[in-house]
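Chain and residue survey
Read off the chains here:
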Amino acid sequence: MGYIWLTPNNVLTKPIKLGIYHRMELVWHGEFDRLFAQYFPHTWYLVPTFFPPSERWRVFKDSAKVRFSCQECGHGWTSMKGRVIFWFHLNYTTNSGYVMFKLYGQQCQKCKNGSYEHAMWYPEEVVKVIGNVYNRVGQIFYGFVRPPLRIDRRQGKPRNQHNAELCQACKEGLCKEEWSFS
């Protein structure tokens, strides 16, 4: 799984960030591999994307507390509405399952430069959302009966209200607080 995490604008702006991206990739893939290995004999793959797959895929969206840092001006902020969308599909012919996901960004409220900053995810939030999508996949394909959905978030006291004008998920109509299952 040797790809590089890119910002929502498909650009890695500072080489020093490569180590951070690599560590976060390990967190996402480590938790995913740990859980989804239980779905043997099917092999599941986690794939980041910027574009949703075809309509035949199931969808699950989730939220978490995340941190942002503006690459332009250095301003940092925390959001209780970090958004991730998962699309998943199981091909019984090849015994392969795929979970594609998109992490949504936010624009800096200080410089409002028009680009979406990538979210830095706390490891416990990654564990939570990967566990939620694991349970949803289990419900759809493996007969889980009403698996638990964790809606808790890391503690935080946001200083400002969520600004829909600066939120990529809001702009795409995907930031409503309800959890989506399809």
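Procedures and definitions
- Residues numbered from 1 in each chain as written.
- Predicted model: local features only at pLDDT ≥ 70, side-chain atom pairs only at ≥ 80, totals over all residues.
- Heavy atoms only, no water.
- Core = buried A, V, L, I, M, F, W, Y, C linked by side-chain atoms within 4.5 Å.
- Buried < 20%, exposed > 50% of the residue type's maximum accessible area, 1.4 Å probe, protein only.
- Helix = DSSP H or I, 4+ residues; strand = E, 2+ residues; numbered from the N terminus.
- Contact = heavy atoms within 4.5 Å.
- Polar contact = N/O pair within 3.5 Å; in protein donor to acceptor, adjacent residues only side chain to side chain.
- pLDDT = per-residue confidence, 0-100.
- Patch = residues over 30% accessible without salt bridge, like charges linked within 9 Å, V, L, I, M, F, W, Y side chains within 5 Å.
- Areas by Shrake-Rupley, 256 points an atom, 1.4 Å probe, with all protein chains shown as cover.
- Salt bridge = Lys/Arg side-chain N within 4 Å of Asp/Glu carboxyl O.

Okay, the nonpolar core next. W28, F36, W44, F86, V99 and W121 are the most contacted members of the largest nonpolar core, which totals 30 residues. Mapped onto this core, the elements with two or more residues apiece are α1 (18–36), β1 (43–48), β2 (58–69), β3 (76–91), β4 (96–103) and α2 (123–142). Ranked by the residues each element gives to this core, the list is headed by α2, at six residues. Residues contacting W121, with those up to four places away along its chain left out, are M24, W28, A64, V66, G82, R83, V84, L103, V126 and V129. Formed by eight residues, the second largest nonpolar core is a distinct cluster that contains I85, M100, Y104 and A169.

For the bond from F40 to P41, the omega torsion is 20°, close enough to zero to count as cis. Within the element layout of this structure, P41 appears in the loop between α1 and β1. The phi dihedral of N95 is positive, around 55°, even though this residue is not glycine. Residue position: N95 is located in the loop between β3 and β4. Backbone geometry at K112 places phi at a positive 40°, although glycine is not the residue there. Note on placement: K112 falls in the loop between β4 and β5 (120–121).

Okay, the environment of Q139 next. If you trace the backbone, Q139 turns up in helix α2. Overall, the relative accessible area of 30% leaves Q139 in the partly exposed class. Here the side chain of Q139 touches R136 through a polar contact of 2.7 Å, side chain to side chain.

Inspection of the secondary structure puts T49 in the loop between β1 and β2. At a separation of 2.9 Å, a polar atom in the side chain of T49 contacts the main-chain carbonyl oxygen of F51.

With respect to the helices and strands, Q106 occurs in the loop between β4 and β5. Within the local environment of Q106, its side chain forms a polar contact with the side chain of S79, the two groups lying 3.0 Å apart. Discounting residues that sit within four places of it in the chain, Q106 has contacts with F68, W77, S79, K81, S115, Y116, E117, H162, L166 and C167.

Summarising the element assignment, C170 is placed in helix α3 (residues 168–171). What makes C170 partly exposed here is its relative accessible area of 26%. The spatial distance from the C-alpha of C170 to the C-alpha of Q106 is 9.5 Å, given a sequence separation of 64 residues. With residues near it in sequence (within four places) discarded, C170 still touches H162, A164 and C175.

Per-chain confidence: the protein chain averages 81 in pLDDT, with 78% of residues scoring 70 or above. Counting interchain partners and residues more than four positions distant, the pLDDT-below-50 stretch residues 1–18 has 37 contacts. Here residues 178–182 is a poorly scored stretch, pLDDT under 50, and it has 19 contacts once near neighbours within four places are set aside; other chains count.

A cluster of nonpolar side chains, namely Y45, V47 and Y98, defines an oily patch on the protein surface of about 230 Å² accessible area. Here V47 falls in the partly exposed class, since its relative accessible area comes to 30%.

Turning next to the pattern of salt bridges. Across all of its chains, the model carries four salt bridges by this definition. With a closest N to O distance of 3.1 Å, E125 and K128 form a salt bridge. With E125 and K128 both in helix α2 and three residues apart, the pair spans about one turn of that helix. Judged by relative accessible area, which is 2%, E125 ranks as buried. The exposure class assigned to K128 is buried, which follows from its relative accessible area of 2%.

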